Amino acid sequence: MHSDHVGWIGHKVNGELVATFPNARHLVRSAEWRRFDNPAENRASVADALNLLEHRIEFVEEGEYIAPEVRILATPGHTAGHASLLVTADEERVIILGDIFHSALQIEHLEWTNTFDRDPEQAKAMRRWMLHELAQPLTTGGATHIADSVFISLG
Ligand SMILES: [Zn+2]
């Protein structure tokens, strides 16, 4: 529920906010959605998304399959409700990392955090755990924020 991931989720037509992809399922971990229950949480950059998704959202949790070979991985740290996706096909795995890594430099320097990590210590621990996962055979990471090398394979 960060603006760089949901900022495009709606747009205005004749002054009315409409879903960009009206037939899409909109999935979020409940912890991610619930953080906006806190009045101190900054809603400014996601206000349209929150309004648009309020009656469309489907909650998903750790281990839940959202498609036959696609499972939710709870990966807290960047935010408490952060999620990644685990895609499996036979013996191969691809982990869509989301916001675990924001730069390729963090693969070498796990301790380097960014101002958007809500819990920097948990985010570092999550990067450490994820590097272990990415070092397993037949495992590839899809790093959505690392534009020049989107796929990471350490195994
Ligand atoms: Zn992001």
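Some words on the overall build of the protein
Within the protein, the secondary structure is distributed over 5 helices and 10 strands. Referenced to the eigenvectors of the C-alpha coordinate spread, the extents of the protein come out at roughly 50 × 35 × 30 Å. Across the 155 residues that make up the protein, the buried fraction comes to 38%. Here the analysis covers contacts within the protein between residues at least 6 apart in sequence; of these, 53% occur between residues at least 24 apart.

Quick look at the coordination of the zinc ion
Perfect tetrahedral coordination of a metal by four donors corresponds to 109.5 degrees between them, and perfect octahedral coordination by six donors corresponds to 90 or 180 degrees. Coordination of the zinc ion by the protein comes from D4 (OD), H5 (NE2), D99 (OD), D99 (OD) and H145 (NE2), over a distance range of 2.0 to 2.7 Å. Along the chain, the residues donating to the zinc ion are arranged with the sequence spacing D-H-x93-D-x45-H. Residue H5 is found in helix 1 (residues 3-6), and its partner H145 is found in the loop between strand 9 (139-142) and strand 10 (151-152); the two are separated by 140 residues along the sequence.

What about the domain arrangement of the protein?
Domains assigned within the protein are domain 1 (1-60) and domain 2 (62-155). In this structure, domain 1 and domain 2 have C-alpha centres spaced 22 Å apart. The interface is formed by 12 residues belonging to domain 1 together with 15 residues belonging to domain 2. Across the domain 1/domain 2 interface, buried area totals approximately 1000 Å², and carbon plus sulfur atoms make up 49% of it. On the domain 1 side of the contact with domain 2, H2, R29 and V60 bury the most area, a combined 49% of that side's loss. Summed over the shared surface of domain 1 and domain 2, the result is 1 salt bridge.

Focus on the packing of aromatic side chains
Per the stated rule, a full pass over the model turns up 1 aromatic pair. With 6.2 Å between their ring centres and 70 degrees between their planes, W8 and F21 make a pair best called edge-to-face. Taken as a pair, W8 in the loop between helix 1 and strand 1 (10-13) and F21 in the loop between strand 2 (16-19) and strand 3 (26-29) lie far apart in primary sequence, 13 residues in all. A relative accessible area of 45% places W8 in the partly exposed class.

Conventions and cut-offs
- Residues numbered from 1 in each chain as written.
- Predicted model: local features only at pLDDT ≥ 70, side-chain atom pairs only at ≥ 80, totals over all residues.
- Heavy atoms only, no water.
- Helix = DSSP H or I, 4+ residues; strand = E, 2+ residues; numbered from the N terminus.
- Buried < 20%, exposed > 50% of the residue type's maximum accessible area, 1.4 Å probe, protein only.
- Contact = heavy atoms within 4.5 Å.
- Donors = N, O, S within 2.8 Å, 3.2 Å for Na, K, Ca; no water.
- Domains from an automatic or database assignment.
- Buried area = accessible area lost by both parts, 1.4 Å probe.
- Salt bridge = Lys/Arg side-chain N within 4 Å of Asp/Glu carboxyl O.
- Phe/Tyr/Trp six-rings, centres within 6.5 Å; stacked < 30°, edge-to-face > 60°.

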